[in-house]
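Below, each chain spelled out in residue letters.
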Number of protein chains: 4
Amino acid sequence: MQLLHGDYMIIAQLSIVPLGEGTSVSRYVKIVLETLQKEHIKFETNAMATVIETDNISTLFNVIEKAHNSVAQSGVERIITEIKIDDRRDKPANIQSKLASLKK
Amino acid sequence: MQLLHGDYMIIAQLSIVPLGEGTSVSRYVKIVLETLQKEHIKFETNAMATVIETDNISTLFNVIEKAHNSVAQSGVERIITEIKIDDRRDKPANIQSKLASLKK
Amino acid sequence: MQLLHGDYMIIAQLSIVPLGEGTSVSRYVKIVLETLQKEHIKFETNAMATVIETDNISTLFNVIEKAHNSVAQSGVERIITEIKIDDRRDKPANIQSKLASLKK
Amino acid sequence: MQLLHGDYMIIAQLSIVPLGEGTSVSRYVKIVLETLQKEHIKFETNAMATVIETDNISTLFNVIEKAHNSVAQSGVERIITEIKIDDRRDKPANIQSKLASLKK
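No experiment lies behind these values; they were computed from the predicted model shown.

Conventions used here
- Residues numbered from 1 in each chain as written.
- Chains lettered and ligands numbered in written order.
- Predicted model: local features only at pLDDT ≥ 70, side-chain atom pairs only at ≥ 80, totals over all residues.
- Heavy atoms only, no water.
- Helix = DSSP H or I, 4+ residues; strand = E, 2+ residues; numbered from the N terminus.
- Contact = heavy atoms within 4.5 Å.
- Polar contact = N/O pair within 3.5 Å; in protein donor to acceptor, adjacent residues only side chain to side chain.
- Buried area = accessible area lost by both parts, 1.4 Å probe.
- Salt bridge = Lys/Arg side-chain N within 4 Å of Asp/Glu carboxyl O.
- Nonpolar A, V, L, I, M, F, W, Y, C, P; charged D, E, K, R; others polar.
- Axes fitted to C-alpha atoms, helices over the stretch in contact; angles between N-to-C directions.
- Parallel < 35°, antiparallel > 145°, perpendicular 65-115°, else oblique.
- Left-handed = near helix turned anticlockwise from the far one by under 90°.
- Phe/Tyr/Trp six-rings, centres within 6.5 Å; stacked < 30°, edge-to-face > 60°.
- Buried < 20%, exposed > 50% of the residue type's maximum accessible area, 1.4 Å probe, protein only.
- Least-squares fit on C-alpha atoms with pLDDT ≥ 70 in both.
- Pairing = 2+ DSSP bridges.

Visitor: I tried to follow the environment of A:Ser70 on my own but got confused; where do I start?
Guide: All names here are of chain A. For Ser70, the location among the structural elements is in helix H2 (residues 57-73). Placed 39 residues apart in sequence, Ser70 and Ile31 show a C-alpha to C-alpha distance of 6.8 Å. If sequence neighbours within four positions are ignored, Ser70 has contacts with Ile31 and Thr35. Of note is the side chain of Ser70, whose polar atom sits 2.8 Å from the backbone oxygen of Lys66.

Take a look at the structure:
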């Protein structure tokens, strides 16, 4: 059985990396994180990616499009953006409950 | 220098996989491919993913959202969707030119 | 200039997911984490993946092969394992320094 | 029921990309493909990744390690290597049978 929309969260993993801007890319990761902050979306950054929680796949894509375009607008000529979406509708899940389930 | 919008293509890699529907998932890959066909988007399927070519990141996300939701509407309770976008703006590129550059 | 081997760390992202075992897969993530622990490798788990730090790509692959095989030995008939490696050799980097660079 | 080792194939997706070498990376993709060729491993290249077929996860990691190190030896200071493994043991599968199952 699928939960009604609004009763489940979508958890996603995001990575946006510029090619052609040297080996240090933290400047561009910061641009991405600033965009996520402006959009008031819940996220957590780790050493390899940013984990995002949202109740809606449209919102997710909308925010990622803005983040991707912010990096393009900073002058980057080639951008590799990776997204992994975990959309679970049989029980309520979020970033915290997923982590908690590993500690049981 | 970035090309003007419309002069470059976005190439993306898409994989949509259901959890909880057994080990055979080709039924769901077909749902995804039928959605891409209906949307008249250019794509090529290989053994691990589908490569999509589009001139626009909004179009890309719009079509992927439809494909993802088609799988959800078929009754799948957990969907893992992965997207990798190669957005290159310093020279015209498409699926064919990327492959051709490996043969020079 | 590349650093000498031993002066840099490899940071990797790992996800191992079974198909055909239902929508709840935390049991299998735990098998993976137990294997990483037995191998005394440094790792951190987030809601979408596990981040691993090692000084050596051979060690990394060796440990991941063991983790993957542990899941197979538990009876899983289809396993999707994903690895993303960030191998940087122009300056010392590890999980902590990558995160710290985002806060400057 | 799991097939005996040797009766199933592992299908994998590989992408190796240098950071800090400009926006054109086909030179490095060619180094990767030359390594795969020397190792007599079966592979197919598409616009976003290379699909590899092997009967053995150890062989797979061994070949990818060589390919990754070839790129490092060419002087690249930061390498992002991505691997996705589809290890299916309940029925014989290979690159061709996976594609064929989408056309039924």
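Visitor: Is there a simple way to explain the interface of chain C and chain A in this structure?
Guide: One frequent convention defines the size of an interface as the accessible area lost when the parts assemble. Each side of the interface is counted separately: chain C has 27 residues, and chain A has 27 residues. A combined buried area of about 2,200 Å² lies between chain C and chain A, and 57% of that area is made up of carbon and sulfur atoms. When the buried area of chain C at its contact with chain A is split by residue, C:Ala47, C:Met48 and C:Leu102 rank highest and sum to 31% of it. Linking chain C with chain A are two salt bridges, by the criterion used here. Note that A:Lys84 is salt-bridged to C:Glu82, the shortest N-O span being 2.8 Å. Elements supplying a minimum of two residues to the side of chain C that touches chain A: strand E1 (10-19), helix H1 (26-38), strand E4 (78-88) and helix H3 (95-101) of chain C. Here the residues of the side of chain C that touches chain A sort into eleven nonpolar, eight polar and eight charged.

Visitor: How should the packing of H2(A) against helix H2 (residues 57-73) of chain B be read in this particular structure?
Guide: Relative placement of two packed helices is described by the angle separating their axes and the distance separating the axes. Close contact between H2(A) and H2(B) brings their axes to 11 Å; oriented N to C, the two are set at 155°. Taken together, the axes of H2(A) and H2(B) lie roughly antiparallel to each other. Note that H2(A) runs across H2(B); the crossing there is right-handed. Taken together, the residues of H2(B) that come into contact with H2(A) (itself represented by A:Ile57, A:Ser58, A:Phe61, A:Ile64, A:Glu65, A:His68 and A:Asn69) are B:Ile57, B:Ser58, B:Phe61, B:Ile64, B:Glu65, B:His68 and B:Asn69. Taken together, the residues of the contact of H2(A) with H2(B) break down into six nonpolar, six polar and two charged.

Visitor: Would you take a moment to explain the packing of aromatic side chains for this structure?
Guide: The geometry of an aromatic ring pair is captured by the separation of the ring centres together with the interplanar angle, meaning the angle of the planes. Applying the stated rule across the entire model yields two aromatic pairs over all chains. On the basis of an interplanar angle of 10° and a centroid distance of 4.6 Å, the ring pair of C:Phe61 and D:Phe61 is categorised as stacked. Taken together, the residues span two chains, with C:Phe61 in helix H2 (residues 57-73) and D:Phe61 in helix H2 (residues 57-73). A relative accessible area of 3% places C:Phe61 in the buried class.

Visitor: Help me out: how do you make sense of the relation of the copies chain C and chain A in this one?
Guide: The two chain copies are related to each other by a rotation about an axis together with a translation along it. Mapping chain C onto chain A leaves a residual RMSD of 0.0 Å; the transformation is a rotation of 180° accompanied by 0.0 Å of translation along its axis. On this basis, the relationship between the two copies can be described by a two-fold rotation axis. In terms of proximity to the rotation axis, the leading residue of chain C is C:Asn46, whose C-alpha is 3.8 Å off the axis. The residues that chain C uses at the interface reappear at the interface of chain A in 100% of cases, marking a shared surface.

Visitor: Help me out: how do you make sense of the pattern of salt bridges in this one?
Guide: Two side chains with opposite charge may pair up if their charged atoms get near one another. Applying the stated criterion across every chain, the model contains 28 salt bridges over all chains. The salt bridge involving C:Lys98 is made with C:Asp86; its shortest N-O contact spans 2.6 Å. One end of the pair, C:Lys98, is in helix H3; the other, C:Asp86, is in strand E4, with twelve residues separating them in the sequence. Residue C:Lys98 shares its accessibility class with C:Asp86, and that shared class is buried. By sharing partners, the salt bridges in this structure join A:Arg78, B:Asp86 and B:Lys98 into a single network.

Visitor: In this structure, what is going on with unusual backbone geometry? I would like to understand it.
Guide: Glycine aside, residues mostly have negative phi angles, and peptide bonds mostly take the trans form. In this model, C:His40 sits at a positive phi of 55°, which is unusual for a non-glycine residue. Its location among the elements puts C:His40 in the loop between H1 and strand E2 (42-45).

Visitor: How should the environment of B:Ser26 be read in this particular structure?
Guide: Position of B:Ser26 among the secondary structure elements: in helix H1 (residues 26-38). Relative accessible area serves as the criterion here: at 23%, B:Ser26 is assigned to the partly exposed category. If we skip the residues at most four places from it in the chain, B:Ser26 touches D:Ser101 and D:Leu102.

Visitor: I'm lost on the interface of chain A and chain B in this one. Help?
Guide: Facing 27 residues of chain A, the contacting portion of chain B comprises 27 residues. Taken together, the two surfaces of chain A and chain B that pack against each other cover about 2,500 Å², and 47% of this comes from carbon and sulfur. It is A:Phe61, A:Glu77 and A:Arg78 that lose the most area in chain A upon contact with chain B, and together they represent 24% of the buried surface on that side. With a shortest N-O distance of 2.7 Å, B:Asp86 and A:Arg78 are connected by a salt bridge. At the junction of chain A and chain B, the tally comes to 17 residue pairs in polar contact (both at pLDDT 80 or more). In terms of residue count, the dominant contributor to the side of chain A that touches chain B is strand E4 (residues 78-88) of chain A (eleven residues). Here E4(A) pairs with strand E4 (residues 78-88) of chain B via eleven bridges, running antiparallel. Following the sheet pairing, A:Glu82 is matched in E4(B) by B:Lys84.

From the geometry alone we can't say anything about function, so treat these as descriptive.
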